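A structural walkthrough
So you can see what is in the structure, the chains are spelled out below.
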Amino acid sequence: AQSVTQLGSHVSVSEGALVLLRCNYSSSVPPYLFWYVQYPNQGLQLLLKYTSAATLVKGINGFEAEFKKSETSFHLTKPSAHMSDAAEYFCAVRGNFGNEKLTFGTGTRLTIIP
Amino acid sequence: DGGITQSPKYLFRKEGQNVTLSCEQNLNHDAMYWYRQDPGQGLRLIYYSQIVNDFQKGDIAEGYSVSREKKESFPLTVTSAQKNPTAFYLCASSEGGRGSPLHFGNGTRLTVT
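What this report covers is the structure whose coordinates are included nearby. The numbers attached to residues start from 1 for each chain and follow its sequence in the written order. The naming scheme follows written order: chains are lettered A onward, ligands numbered 1 onward. Two thresholds apply to this predicted model, a pLDDT of at least 70 for residue-level local features and 80 or more for giving and counting side-chain atom pairs, whereas whole-chain, interface and lining totals are computed over all residues. The side-chain numbers reported here are obtained from all heavy atoms of the structure, hydrogens and water having been left aside.

Helix and strand assignments follow DSSP, with helices taken as H or I runs no shorter than four residues and strands as E runs no shorter than two, numbered in order from the N terminus. By the element assignment, A:Trp35 lies in strand S5 (residues 32-38). Here the alpha-carbon distance between A:Trp35 and A:Glu64, two residues 29 residues apart in the chain, equals 9.5 Å.

Bringing the sheet that holds strand S1 (residues 4-7) of chain B into the picture now. All names here are of chain B. Pairing between two strands requires that DSSP report at least two bridges joining them. The strand order across the open sheet built from four strands is S1-S3-S8-S7, with neighbouring strands paired in antiparallel fashion. Lying at the two open borders of the sheet, with one neighbouring strand each, are S1 and strand S7 (64-66). Each adjacent strand pair in this sheet contributes to an overall mean axis angle of 20°, direction not counted. As judged from the three bridges shared by S7 and strand S8 (residues 76-78), these two strands associate in the antiparallel manner. Each axis is a line fitted through C-alpha atoms, and for a helix only the stretch in contact is used; angles between axes span 0 to 180 degrees, taken between their N-to-C directions.

This paragraph deals with the interface of chain A and chain B. Opposite the 24 residues of chain A that make contact, chain B presents 25 residues. By convention, the term buried area covers the 1.4 Å-probe accessible surface removed from two parts as they join, with the contributions of both added. Contact between chain A and chain B buries roughly 1800 Å² in total, counting both sides, with carbon and sulfur atoms accounting for 50%. Of all residues in chain A, A:Asn41, A:Arg94 and A:Lys101 bury the most surface against chain B, accounting for 29% of the area lost on that side. As used in this structure description, the phrase polar contact means that two N or O atoms lie within 3.5 Å; if the pair is within protein, one of them must be able to donate a hydrogen and the other to accept it, and residues adjacent in sequence are counted only when both atoms belong to side chains. Where chain A meets chain B, there are six residue pairs in polar contact (both at pLDDT 80 or more). Of all the secondary structure elements, the ones that give two or more residues to the side of chain A that touches chain B are S5, strand S6 (44-50) and strand S10 (87-94) of chain A. For the side of chain A that touches chain B, the element with the most residues is S5(A), which contributes four residues. Three categories are distinguished: nonpolar for Ala, Val, Leu, Ile, Met, Phe, Trp, Tyr, Cys and Pro, charged for Asp, Glu, Lys and Arg, and polar for the others, with Gly belonging to the last. Classifying every residue of the side of chain A that touches chain B gives nine nonpolar, 11 polar and four charged. Working rule for contacts: check all heavy atoms of both residues, and any pair within 4.5 Å makes them a contact.

In structure tokens form, the structure reads like this:
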């Protein structure tokens, strides 16, 4: 079964600085990968998804992620952080075999320093 | 607007009482899911349903029950057998394909005292 690891439960960046949130997955074949964002007391909103069409995936709110098979990574980046980016971010993976379910990472809380 | 509606937003119950959380979707999605979210633990799957009148246990189904009598509705009952029911509960739906993302409701925060 696939799994996903998010390095860093808390990340702080200054407003205008680069945002980098890390996600590594374990899967024997390239899986489907997703990034979600959650604002306080709300549900999760899809930021972007990787489904093998292109390794660099662009999402909403200026975020993008690059699928690197050799590193089994799918890190989320944004060139310039905005105060409104403060939220919790979840990486999720679904494998390609049988009836595999979507597995979520434990999340990274992003704080933006003014 | 299409989406998923969870109600109520906040729910308070006494220990030993069963409580039912509502989830309705108008996205015409086949698959629906219930997740439980606790601080620092991410999302854990309770139950899911890929078609009407059928559902499967997720990773933490003990103490919970569901029904799927209509395509648009997937209520979750938290029974008195659930040892630690206080949590944030999220309902989601998807078109059902492997690459289909989940669409989430805004959650129900259940507090049991």
